[in-house]
Amino acid sequence: MASTDAPVQPRKTGLTRRQKRRLSRGVQYAVFVAAVIAFAVTADWDRLQNQFAQADIARQMFPDVITLALKNTVLYTVSGFAVGLALGMVIALMRLSSVGPYRWLAGVYIEIFRGLPALLIFIFIGVAVPLAFPGTEIVGGTYGKVALALGLVAAAYMAETIRAGIQAVPKGQVEAARSLGFSPARAMVSIIIPQAFRIILPPLTNELVLLFKDSSLVLFLGVTLEERELSKYGRDLASTTANSTPILVAGLCYLLVTIPLGLVVRRMEAKAQEAVK
Amino acid sequence: MSRPEIRVKDLHKSFGDNEVLRGIDLEIGQGEVVCVIGPSGSGKSTLLRCVNLLEEPTKGQVFVGGTELTDPDVDIDAVRRRIGMVFQQFNLFPHLSVTENLTLPQRRVLRLDRATAARVAAENLERVGLAEKADAYPASLSGGQQQRVAIARALAMGPEVMLFDEPTSALDPELVGDVLAVMRMLADEGMTMMVVTHEMTFAREVADRVVFMDGGVIVEDGTPGQVIGNPRHERTRHFLSRLLDPAMAEVEEETSDRVGKADR
């Protein structure tokens, strides 16, 4: 198929490159439009509207879906992010340590918690730990459990991100700091980490978005009415009303947060690109 | 010349199998300005980095102001406060403004209060002629300005000795003069300086002594008039002729015992 632009080369199909490209593009559009039309014609719109967009059910969800469910989702996410960031920082520093066992331990942690499904961690924290250690109480009840479970998972990813960020700071920065009399720890805190965070702000924000969605796993912990977040709240209401509208509304609430966050990340990345130039 | 401010005794440094320094003995007196010259890979930058222990010597001793840096029990951070270091690549802290580049080390390392640090910073920016750039960020400065800020940052710590690692090598030619002028001013003020450089004019006019290194050893050590003006060794003559008139150099075989590139 490889045709060249050289005019002396005889053309096999009689089409120029540009014509071929146009033809291919045209076919793609045609397929897309056909699929949309086919869906619009075959779908049972009344049934869909009845199932997903009942205004009175949606209305009945307010204001609880925001004041309770979204609030809890945000609370779970932020607390999980905080635990993950603190733990991830410790693990990243251990991973970069000159002490062998620290490096090894951090490596093991990262491999384990990156390799396990988050759901399994939730069940582990919610069910296995209380059974295995009767009498122990995780601080903060459900909120504490969720923060811990989300944090444990997030820490593994964040540790790798933070490590990459620290290693991306030029070596000359440490040398400059050390030659000014900074101790290794102080150079890390005052000079390296602030620069590393600038580098990893976009991936960290992405991690926040992932956590925001993962907080739905609270569903499996068994929570009180007051502790429900978006997914649980949506599902409960969907089953009591025997209608999927609450699921749709809950989904929209997620997007309400994740889409703006995604935009923020993209803007930060563009800005970082700009700074490199 | 009074007591030696910097004393290097039988210094060896290897990177793996690569022996970059093969026994260096050097003394630099208080207020003396010594320029270290030599081909790339001769070990001159490594020697300088060994003087404040950014590189750990494999063997030998380094003394600065009477303190042995190579003593395993020495408080290296405390000694380094007395040694200012200026890098080829400036290494300013890009997330801090010019003033903060000067005040943060004073506050975190010397534990000075905010007002004192700010005053010292302003004084030193004034010295290098960049008082009006106090609030700028490093990225908005030219290379020459960044290097002068880097010198001011080192000076703000009140060092007894200043080390310069090819301070003008990363600069556009027209910006070299400003940095050299600041260094000349420091030399006139009596600062003890060890300068790794390719600037022969500076070496000739400002240095008290010039040290020529090649292959990890000091080949020649004397006044600029001796080493640059009337070199005794063939290797020195060869290096100087190539440096002063690069267009006339001939293509050479790389000699196998040539020490690997130590500069970074």
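As the structure is a prediction and not an experimental result, all values here were calculated from the model.

### Observations concerning the side chain of B:Arg148
Residues and elements named next belong to chain B. Residue placement: Arg148 occurs in helix 5 (residues 143–155). The class for Arg148 is buried, based on a relative accessible area of 11%. Discounting residues that sit within four places of it in the chain, Arg148 has contacts with Val128, Gly129, Leu130, Asp178, Val179 and Val182.

### Thoughts on the interface of chain A and chain B
In this complex, chain A contributes 19 residues to the contact, which on the side of chain B involves 24 residues. For the pair chain A and chain B, the summed buried surface comes to about 1,800 Å²; carbon and sulfur atoms form 57% of the total. Across the pair B:Asp77 and A:Arg178 runs a salt bridge whose closest N-O atoms are separated by 3.1 Å. Applying the counting rule to chain A against chain B returns 5 residue pairs in polar contact (both at pLDDT 80 or more). For the side of chain A that touches chain B, the secondary structure elements donating two or more residues are helix 8 (171–179) and helix 9 (184–214) of chain A. For the side of chain A that touches chain B, the element with the highest residue contribution is helix 8 of chain A, accounting for 8 residues. Class assignment for the residues of the side of chain A that touches chain B results in 7 nonpolar, 7 polar and 5 charged.

### Quick notes on the packing of aromatic side chains
Applying the stated criterion to the full structure yields 5 aromatic pairs over all chains. Ring centres of A:Phe212 and A:Tyr254 lie 5.6 Å apart, and the angle between their planes is 80°; on these two criteria the pair is classed as edge-to-face. Residue A:Phe212 is found in helix 9, and its partner A:Tyr254 is found in helix 11 (residues 245–276); the two are separated by 42 residues along the sequence. A cation sits over an aromatic face here: B:Lys13 above B:Phe15, 4.9 Å from the ring centre.

### A short note on the nonpolar core
Among the nonpolar cores identified, the biggest contains 78 residues, and B:Leu47, B:Leu163 and B:Met194 are the most heavily contacted of them. A total of 12 residues in this core trace back to one element, the largest contributor, which is helix 7 (residues 141–168) of chain A. Ignoring any residue separated from it by four or fewer positions in sequence, one finds B:Leu47 in contact with B:Val8, B:Leu11, B:Leu21, B:Ile24, B:Leu26, B:Met194 and B:Met213. B:Cys35, B:Ile37, B:Ala136 and B:Val210 belong to the second largest nonpolar core, which has 48 residues in total.

### Focus: the sheet that holds strand 6 (residues 83–86) of chain B
All names here are of chain B. Ordered by their spatial adjacency, 6 strands build an open sheet running 6-7-8-3-9-10, and the pairing between neighbours is mixed. Looking along the sheet, the strands with just one partner apiece sit at the ends: strand 6 and strand 10 (217–222). Sheet twist, expressed as the average angle between the axes of neighbouring strands with direction ignored, equals 15°. In this sheet, strand 8 (residues 192–196) lies alongside strand 7 (residues 161–165) in parallel orientation, the contact comprising 5 bridges. Bridge pairing in strand 8 places Val161 opposite Thr192.

### Structural notes on the state of the cysteines
Residue and element names in this part refer to chain B. Applying the stated criterion to the full structure yields 0 disulfides over all chains. We note that Cys35 lacks a disulfide partner, and the nearest cysteine sulfur, in Cys50, lies 19 Å from it. Cys50 sits in the buried class, given a relative accessible area of 0%.

### Looking at the UniProt feature "transmembrane region" (unreviewed entry) in chain A
With numbering matched to this structure, UniProt assigns "transmembrane region" (unreviewed entry) to residues 26–43, 74–96, 108–132 and 245–265 of chain A. This span, residues 74–96 of chain A, is 96% helix and 0% strand, and a straight line between its end C-alpha atoms measures 32 Å.

### Re the UniProt feature "domain: ABC transmembrane type-1" (unreviewed entry) in chain A
Under the present numbering, the feature "domain: ABC transmembrane type-1" (unreviewed entry) in UniProt falls on residues 70–265 of chain A. Structurally, residues 70–265 of chain A is divided into 81% helix and 0% strand, and its ends, taken at the C-alpha atoms, are 21 Å apart.

Rules and cut-offs
Counting restarts for each chain, with residues numbered from 1 along the sequence as it is written. Working convention: letters from A go to chains and numbers from 1 go to ligands, in the order in which they are written. Given that this is a predicted model, residues contribute local features only at a pLDDT of at least 70 and side-chain atom pairs are listed and counted only at 80 or more, while totals for whole chains, interfaces and linings are drawn from all residues. The basis for the side-chain values is all heavy atoms of the structure; hydrogens and waters are excluded. Put simply, DSSP H or I for four residues or longer makes a helix, DSSP E for two residues or longer makes a strand, and each gets a number counted from the N terminus. When a residue's accessible area, from a 1.4 Å probe over protein chains only, is under 20% of the maximum for its type it is buried; when over 50% it is exposed; and in between it is partly exposed. Any two residues whose heavy atoms approach within 4.5 Å are treated as being in contact. Each of two parts loses accessible area, computed with a 1.4 Å probe, when they are put together; buried area is these two losses added. Throughout this description, the term salt bridge denotes a Lys or Arg side-chain nitrogen within 4 Å of a carboxyl oxygen of Asp or Glu. Whenever two N or O atoms come within 3.5 Å, that pair is a polar contact, provided that in protein one can donate a hydrogen and the other can accept it, and provided that, for residues adjacent in sequence, both atoms are side-chain atoms. In this classification, Asp, Glu, Lys and Arg are treated as charged, Ala, Val, Leu, Ile, Met, Phe, Trp, Tyr, Cys and Pro as nonpolar, and every other residue, Gly included, as polar. Here a pair means two rings of Phe, Tyr or Trp (six-membered ring of Trp) with centres within 6.5 Å. Their orientation is stacked below 30 degrees between planes, edge-to-face above 60, and tilted elsewhere. Both a distance and an angle decide whether a charge sits over a ring: NZ of Lys or CZ of Arg must be within 6 Å of the ring centre and within 35 degrees of the ring normal. The term nonpolar core refers to a set of buried residues drawn from Ala, Val, Leu, Ile, Met, Phe, Trp, Tyr and Cys, joined through side-chain atoms within 4.5 Å. The rule for pairing is simple: two strands pair if DSSP sees at least two bridges between them. Helix axes are fitted to C-alpha atoms over the stretch in contact, other axes to C-alpha atoms as well, and angles between N-to-C directions run from 0 to 180 degrees. A pair of sulfur atoms, both from cysteines and within 2.5 Å, is called a disulfide here. UniProt positions are given in the numbering used here, feature names are shortened, and annotations may be inferred rather than shown by experiment.

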